[in-house]
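Each chain is listed here by its residues.
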Amino acid sequence: MRDAYIIGAGQTPFGAMPDRSYRSLFGEAFDRAVESVPDGIDEADIDEAVVGSLGVGGRQLGLSGPAATEHLGLHGIPSSRIENACAASGYSVRQAVQAVKSGMADVALAGGVEVMTDMSGDVTKYWLGVSGETEWERLTGTTFAGVYAQMASAYLDRYDDATREHLSMVAVKNHANGAKNPNAHLGFECSLEDAMGAPDVAHPLNLYHCCPTSDGAAAVLVASEDVVDEYTDEPVRVAGVGASSERVGLFQREEYTTIASSRRAGEKAYDRAGIDPSDVDFAEVHDCFAIAELLAYEDLGFCDPGEAYRLLEEGTTELDGDLPVNASGGLKSKGHPIGATGAGQVAEAFKQLRGKAGDRQVADPRYGVTHNVGGSGGAAVVHVLEREVGR
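Residues numbered from 1 in each chain as written. Predicted model: local features only at pLDDT ≥ 70, side-chain atom pairs only at ≥ 80, totals over all residues. Heavy atoms only, no water.

### Here's the deal with the pairing of strand E7 (residues 216-224)
Logical step 1: Where burial is concerned, most of E7 is hidden: 9 out of the 9 residues are buried.
Logical step 2: Sheet topology places strand E1 (residues 4-11) next to E7; 7 bridges connect them, and they run antiparallel. If you follow Gln11 over to E7, its bridge partner there is Ala218.
Logical step 3: Note that strand E4 (residues 107-114) and E7 share 8 bridges and pair antiparallel. Following the sheet pairing, Gly112 is matched in E7 by Ala218. (Buried < 20%, exposed > 50% of the residue type's maximum accessible area, 1.4 Å probe, protein only. Helix = DSSP H or I, 4+ residues; strand = E, 2+ residues; numbered from the N terminus. Pairing = 2+ DSSP bridges.)

### So, the sheet that holds strand E9 (residues 282-284)
Across a sheet, strands are paired by hydrogen bonds formed along the backbone, either parallel or antiparallel in direction.
Logical step 1: Read from one edge to the other, the open sheet built from 9 strands follows the order E3-E2-E4-E7-E1-E8-E11-E10-E9, with strand pairing classed as mixed. Edge positions in the open sheet fall to strand E3 (79-82) and E9, since each of these has one partner strand only. With strand direction ignored, the average angle separating the axes of adjacent strands in the sheet is 25°.
Logical step 2: Looking at chain direction, strand E8 (residues 236-245) and strand E11 (residues 379-386) are connected through 8 bridges and run antiparallel. Residue pairing for E11: Arg237 is matched across the bridge by Glu386.
Logical step 3: Each of E8, strand E10 (367-374) and E11 is contacted by helix H8 (residues 260-273), which is oriented at about 150° to E8, the strand it contacts most. (Axes fitted to C-alpha atoms, helices over the stretch in contact; angles between N-to-C directions. Contact = heavy atoms within 4.5 Å.)

### Section: the packing of aromatic side chains
Logical step 1: Taken as a whole and judged by the stated rule, the model has 4 aromatic pairs.
Logical step 2: By the ring-pair criterion, three or more aromatic residues cluster together here, those being Phe144, Tyr148 and Phe289. (Phe/Tyr/Trp six-rings, centres within 6.5 Å; stacked < 30°, edge-to-face > 60°.)

### Some details on a negative patch on the surface
Logical step 1: A cluster of acidic residues, Asp157, Asp160, Asp161, Glu165, Glu313 and Glu314, forms a negative patch at the surface.
Logical step 2: According to the relative accessible area criterion, Asp160 is exposed, its value standing at 69%. (Patch = residues over 30% accessible without salt bridge, like charges linked within 9 Å, V, L, I, M, F, W, Y side chains within 5 Å. Areas by Shrake-Rupley, 256 points an atom, 1.4 Å probe, with all protein chains shown as cover. Salt bridge = Lys/Arg side-chain N within 4 Å of Asp/Glu carboxyl O. Lys, Arg positive; Asp, Glu negative; His and termini not counted. Charge placed at Lys NZ, Arg CZ, Asp CG, Glu CD.)

### Quick word on the environment of Val56
Logical step 1: Relative to the assigned elements, Val56 resides in the loop between strand E2 (48-52) and helix H2 (64-70).
Logical step 2: Along the sequence, Val56 and Tyr126 sit 70 residues apart, while their C-alpha atoms lie 9.3 Å from each other.

### A look at helix H6 (residues 164-178)
Logical step 1: Helix length check: H6 (15 residues) gives 21 Å between terminal C-alpha atoms against 21 Å at 1.5 Å per residue, within 8%.
Logical step 2: Inspection of H6 places His166, Leu167, Ser168, Val170, Ala171, Lys173, Asn174, His175, Asn177 and Gly178 among the buried residues, and these make up the whole buried set.
Logical step 3: As for H6, its buried residues are in contact with helix H5 (144-158), helix H7 (192-197), strand E6 (205-206), helix H9 (290-299), helix H10 (308-313) and helix H11 (330-333). (Expected span 1.5 Å × (residues − 1).)

So, in structure tokens, the structure goes:
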């Protein structure tokens, strides 16, 4: 199979934009991705498109892929929608990579979009809930925050050295990074006192332990090794991709202190890339709630189970640490427009590997990891992206 490369990527700002349509947001992200291609790209070169979206609010659930790409003038190409809850556009990138590696496309567009802030909080809560097990979680009143609160409670009970303060340290770190990101929804710093003293949402999770609901879009252009040199001499290679699923309902799982789909997806991605977790220079992980970032440290092999707190205390995952995590601000600060999040992570990694991340730039990275989770772990996808040395 052929190598696949990212030649361009872009995203809109994430935030509250209830007056924007999903078409206009996706169009802006696409324009930014096209503008990032060093040697330019003709839209006629795009052979296929895959768009990730949950379809919050019920807007254009049918044919939402073609509805988004028609707005770009991409008529006639195969265009489809991927729905995998919060992992929708992470899977759309995977699908585009598969199309390129298999030879079915030389250039593929992947991306995602969501508009979430043009409805009431109660309605938004309903749509968030469909990312969990419908019959026994959402319809019985369990919220998305409530599911992750159960995971947090189990984790803090199991590992005595981990505390709510460590959850707040995740928020402080990610807000500090997001304050350097002009695309961030909550682009401001917060103190540990702020993050510890916020009102509870679902104990032990408080307001600062939860990501916002956001509007936004992201787009990624993937090209084959056969044509990549037509567009850039500094592409980012998709070194490895791993994906996995798990029981959708939390109550169906044997453990609450790990996300098995994340662990399996990471292992597959590392194996296909031919690297170990110790080779990773930075990561964008799915921190929809602060506990999710702690679990990601462990599930992605950055530390042993129960040791995630050490990475925070030692500064390992800070922007200037040995393994920066969520330099973008993560979902916590950058925002979480469900369908756009995974592609947004890839757009951030693309910037980092090309040295274009500005004040939040990681020092001389070679390997970056993106980790995108659907629901509470019903689906997960991990990409290992590489800046090829000496290319």
